[in-house]
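Working through the structure, step by step
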Amino acid sequence: MAVAGSAVGLGNFLRFPGLAAQYGGGAFMLAYAISFLIIGLPIGWAEWAMGRYAGSKGFNSCPGAFAAILNKPWAKYIGIIGVIVPVVIYMYYVFIESWCIGYAVKFWTGQVNLTSTEQTVAMFKAMSGQVGDGAALAFSWNSALPWLAIVFVFNFWLIYRGLSGGIEKMCNYGMPLLIVLALVVLGRVMTLGAPDPAKPHDNVVNGLGYMWNPSKVQIERVQPAEGEKALVREVVGEVSIAEAEKEVAASGGKLKLVTITPWQQLKNPLLWMAAAAQIFFSLSVGFGVIIVYASYLKKEDDVVLSGLTASSANEFCEVALGGLITVPAAVAFLGLASVAGQGTFGLGFTVLPLVFAKMPFGAFFGGAFFFMLFLAAITSSISMLQPGIAFLEEAMNVGRKVSVTILGLLTTFGTGFVVYFTADLKALDTLDFWVGTFLIFILATIQIIVFGWHWGIERGLKEAHSGASIRIPSFFGVIMKWLCPAFLLAIFGLTVLTSLFGFDLTTKTFGSASAYVMDLIGGMKDGKAVGTNQAAQLSVVLIIVVAIFFSLLSARSKAYQRAEKGLNKHD
């Protein structure tokens with residue numbers, strides 16, 4: 001249940017529909033499904049098996065697990081990535097968590113009276129402090145600070161109570177309540193129909209069509225004027241497409257109807273990167289979380305079924321709940337234009353509040369939705385803390401009270417950093433990219449290579465099948481050894497080439513580097529010099545400082561020195 005709680009989080013209800021909207025719906029769903037089968041399940045099973053094996057040697061942290069498996073002095077430093085990722089993600093994740101509880105209380109107390117997108121944007125900027133650095137530090141119930149103080153203390157109270165008394169108990173109560181609230185909100189969304197009779201095309205069915213149709217149909221200008229976009233709008237549904245055809249025919253050749261096939265969309269490596277990153281984020285694969293929790297299992301415990309169960313629970317919440325609530329509701333009330341191209345925060349915190357404000361009994365359903373997000377967030381955030389706790393206890397040979405105190409001080413500083421640099425959410429966005437996407441990819445790739453090539457598929461599957469009531473299908477052995485690593489390396493390589501170094505796959509030329517790179521070193525974009533961003537640079541410095549701190553602790557650990565020699569922790 002703890003792993004399921006870790007997996008089911010904001011990624012299911014915010015990140016997933018946000019990415020689907022950003023990358024056009026159906027094509028993203030196709031890449032997402034392929035990524036789930038090729039990397040999600042295989043790496044998840046590998047982590048379960050590796051974690052339980054490390055636990056049998058007495059090691060519960062990610063560095064300890066890698067040292068016990070590889071028996072090399074440098075192995076523990078690879079494992080440090082599995083501590084950096086959850087600890088740094090927690091630093092900004094708990095900030096987002098505070099927005100959720102703040103929005104829930106504001107809806108339920110009748111403080112949300114929204115009539116325009118401008119008002120929802122202003123509300124979100126006030127809560128997140130985007131108006132400028134330090135803006136979120138104002139102690140006002142309209143900003144995040146008081147809510148953050150509450151959830152931060154609540155998180156550490158739960159983690160201090162331990163695995164069974166805190167994390168597991170919270171997940172046992174929080175997960176069922178989360179699902180009940182999600183089903184209530186979903187039931188309301190699915191019965192919306194077309195809320196505005198004057199706009200019959202803005203309905204739930206077309207929202208589902210946008211989410212699931214692989215092809216995109218767009219009205220475009222044949223010869224756009226200078227500074228004018230070619231895209232006029234996207235259309236969904238047979239009736240809307242038929243009307244669009246008439247509009248194009250009556251335009252005198254100024255407009256055209258364009259169908260973008262899924263194959264054209266799937267040529268974009270960023271779409272695959274986003275889909276794969278979402279699999280990692282939503283399943284907690286590549287976090288180092290699963291390895292830690294699996295290390296507490298016994299040899300006779302079924303890791304194959306546990307991995308499948310946790311993945312299934314996550315996919316139900318993500319696809320059947322998160323994907324069916326957000327996008328259809330937004331399309332029904334605000335139209336397709338309000339959804340297309342929106343990112344995670346745009347859809348969740350600027351579009352949906354207006355949707356609930358327009359909905360009958362919206363105060364109740366809006367509060368239920370954001371409280372559901374809070375429950376999803378806190379079951380994940382407390383799980384993110386456990387890898388850090390396990391690491392500090394093992395590396396420093398200290399008890400839970402000391403490890404919780406040290407981690408509390410470290411994450412307080414990191415979260416304070418994120419809360420201060422809130423202008424354009426630059427610190428949050430930078431940490432999310434370099435840790436929540438980049439480092440997760442690296443760790444997941446290393447893990448599956450260790451499983452498939454160091455252990456070997458035969459040994460790896462034998463370890464996974466110990467105590468298992470079901471067996472991993474044999475074809476997954478081929479996927480784990482060959483297809484999964486190749487898939488990850490190809491997507492990662494193309495993304496680095498295109499996003500970081502600005503390589504255009506169509507023209508085969510190098511252009512502008514991504515904003516994440518230019519924030520750090522500057523560069524040229526559209527012929528203009530772009531300067532560096534101090535918040536982004538300091539965010540990367542924060543990551544490096546945390547990595548050095550964890551590395552120094554690992555280097556002095558006698559427990560890891562025993563693991564390097566192939567010895568059990570307590571021998």
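1. Observations concerning the overall build of the chain
Broken down by element type, the chain carries 23 helices and seven strands. Here the C-alpha atoms of the chain give a radius of gyration of 24 Å, agreeing with the 25 Å that 2.2 N^0.38 yields for 571 residues. Put simply, the chain has 571 residues, and 58% of those count as buried. The centroid of the 37 positive side-chain charges in the chain is displaced by 7 Å from the centroid of its 32 negative side-chain charges.

2. A few points about the packing of aromatic side chains
A full pass over the atoms with the stated rule returns 41 aromatic pairs. Ring centres of Tyr103 and Phe349 lie 5.3 Å apart, and the angle between their planes is 80 degrees; this geometry places the pair in the edge-to-face category. One end of the pair, Tyr103, is in helix α6 (residues 81-108); the other, Phe349, is in helix α16 (residues 344-358), with 246 residues separating them in the sequence. Comparing Tyr103 with Phe349 shows no difference in burial state: the two are buried. Here the basic side chain of Lys481 rests over the ring of Trp453, its NZ or CZ set 4.5 Å away from the ring centre.

3. Let's talk about a nonpolar patch on the surface
Together, Ile449, Trp453, Val478, Trp482, Leu483 and Leu489 make up a nonpolar patch on the protein surface, roughly 610 Å² of accessible area in all. The element that contributes the greatest number of residues to the nonpolar patch is helix α20 (residues 475-500), accounting for four residues. By secondary structure assignment, the location of Leu483 is in helix α20. Taking the relative accessible area as the measure of exposure, Leu483 reaches 40% and is therefore partly exposed.

4. Some words on the confidence of the model for the chain
On average, residues of the chain carry a pLDDT of 88, and 96% of them reach 70 or more. Predicted confidence in the chain is weakest over helix α1 (residues 2-7), with a mean pLDDT of 53, and strongest over helix α22 (residues 534-555), with 96.

5. Quick word on the nonpolar core
Phe28, Ile39, Ile89, Phe95 and Trp99 are the most contacted members of the largest nonpolar core, which totals 190 residues. Not counting residues up to four positions away in its chain, the partners in contact with Trp99 are Phe124, Met127, Ser128, Ala144, Phe345, Phe349, Leu425 and Leu428. Core analysis: the next-biggest nonpolar cluster, separate from the first, contains six residues, Ile219, Val235, Ala244 and Leu255 among them.

6. Describing the sheet that holds strand β2 (residues 231-235)
Strand order in the open sheet formed by three strands is β2-β1-β3, and the pairing between neighbours is antiparallel. Edge positions in the sheet fall to β2 and β3 (255-260), since each has one partner strand and no second. Sheet twist, expressed as the mean angle between neighbouring strand axes with direction ignored, is 25 degrees. Looking at chain direction, strand β1 (residues 216-221) and β2 are connected through four bridges and run antiparallel. Bridging from a neighbouring strand, Val217 pairs with Val235 of β2. Against the sheet, helix α11 (residues 238-249) makes contact with β1, β2 and β3, and its axis sits at roughly 145 degrees relative to β3, the strand it touches most.

7. Comments concerning the packing of α6 against α22
Closest axis-to-axis distance for the α6/α22 pair is 11 Å, and the angle between their directions is 135 degrees. Put simply, α6 runs oblique to α22. For the pair α6 and α22, the sense of crossing is right-handed. Note on element contacts: α22 touches α6 through Leu542, Ile543, Val546, Ala547 and Phe550, opposite Val83, Ile84, Val87, Val88 and Met91. Classifying every residue of the contact of α6 with α22 gives ten nonpolar, no polar and no charged.

8. With respect to the environment of Met480
Mapping Met480 onto the fold places it in helix α20. The contact partners of Met480, leaving out residues within four places of it in the chain, are Pro42, Trp45, Ala46, Ile448, Phe451, Ile457, Leu461, Ile472 and Pro485.

9. A few points about helix α3 (residues 26-56)
For α3, with 31 residues, the first-to-last C-alpha span of 43 Å sits near the 45 Å given by 1.5 Å per residue. At Phe36, α3 shows its maximal kink, close to 45 degrees. Most of α3 sits inside the fold, with 26 of its 31 residues counted as buried. Directly after α3, the chain includes Gly58, whose backbone phi takes a positive value near 95 degrees.

10. Focus: the pattern of salt bridges
Going through the model one piece at a time under the given rule, you end up with nine salt bridges. Across the salt bridge formed by Asp519 and Lys426, the nearest N and O atoms sit 2.9 Å from each other. Of this pair, Asp519 sits in helix α21 (residues 515-521) while Lys426 sits in helix α19 (residues 426-465); the two residues are 93 residues apart in sequence, bridging distant segments of the chain. Accessibility expressed as a relative area gives 11% for Asp519, which makes it buried. Through salt bridges with shared partners, a single ionic network connects Arg52, Lys299 and Glu463.

11. Remarks on the environment of Ala244
With respect to the helices, strands and loops of the structure, Ala244 is situated in helix α11. On the accessibility criterion, Ala244 (1% relative accessible area) is buried. Sequence separation of Ala244 and Leu255 is eleven residues, and the distance between their C-alpha atoms is 9.9 Å. Look past the residues within four positions of Ala244 in its chain and what remains in contact with it is Ile219, Val235 and Leu257.

12. Looking at helix α8 (residues 145-160)
Helix length check: α8 (16 residues) gives 22 Å between terminal C-alpha atoms against 22 Å at 1.5 Å per residue, within 8%. Burial in α8 covers these residues: Pro146, Trp147, Leu148, Val151, Phe152, Asn155, Phe156, Leu158 and Ile159. Just downstream of α8, Gly162 is the residue with a positive phi angle, here 100 degrees.

Scoring rules and cut-offs
- Residues numbered from 1 in each chain as written.
- Predicted model: local features only at pLDDT ≥ 70, side-chain atom pairs only at ≥ 80, totals over all residues.
- Heavy atoms only, no water.
- Helix = DSSP H or I, 4+ residues; strand = E, 2+ residues; numbered from the N terminus.
- Rg over C-alpha atoms; globule rule 2.2 N^0.38 Å.
- Buried < 20%, exposed > 50% of the residue type's maximum accessible area, 1.4 Å probe, protein only.
- Lys, Arg positive; Asp, Glu negative; His and termini not counted.
- Charge placed at Lys NZ, Arg CZ, Asp CG, Glu CD.
- Phe/Tyr/Trp six-rings, centres within 6.5 Å; stacked < 30°, edge-to-face > 60°.
- Lys NZ or Arg CZ within 6 Å of the ring centre and 35° of its normal.
- Patch = residues over 30% accessible without salt bridge, like charges linked within 9 Å, V, L, I, M, F, W, Y side chains within 5 Å.
- Areas by Shrake-Rupley, 256 points an atom, 1.4 Å probe, with all protein chains shown as cover.
- Salt bridge = Lys/Arg side-chain N within 4 Å of Asp/Glu carboxyl O.
- pLDDT = per-residue confidence, 0-100.
- Core = buried A, V, L, I, M, F, W, Y, C linked by side-chain atoms within 4.5 Å.
- Contact = heavy atoms within 4.5 Å.
- Pairing = 2+ DSSP bridges.
- Axes fitted to C-alpha atoms, helices over the stretch in contact; angles between N-to-C directions.
- Parallel < 35°, antiparallel > 145°, perpendicular 65-115°, else oblique.
- Left-handed = near helix turned anticlockwise from the far one by under 90°.
- Nonpolar A, V, L, I, M, F, W, Y, C, P; charged D, E, K, R; others polar.
- Expected span 1.5 Å × (residues − 1).
- Bend = angle between axes of the 7 residues up to and from the residue.

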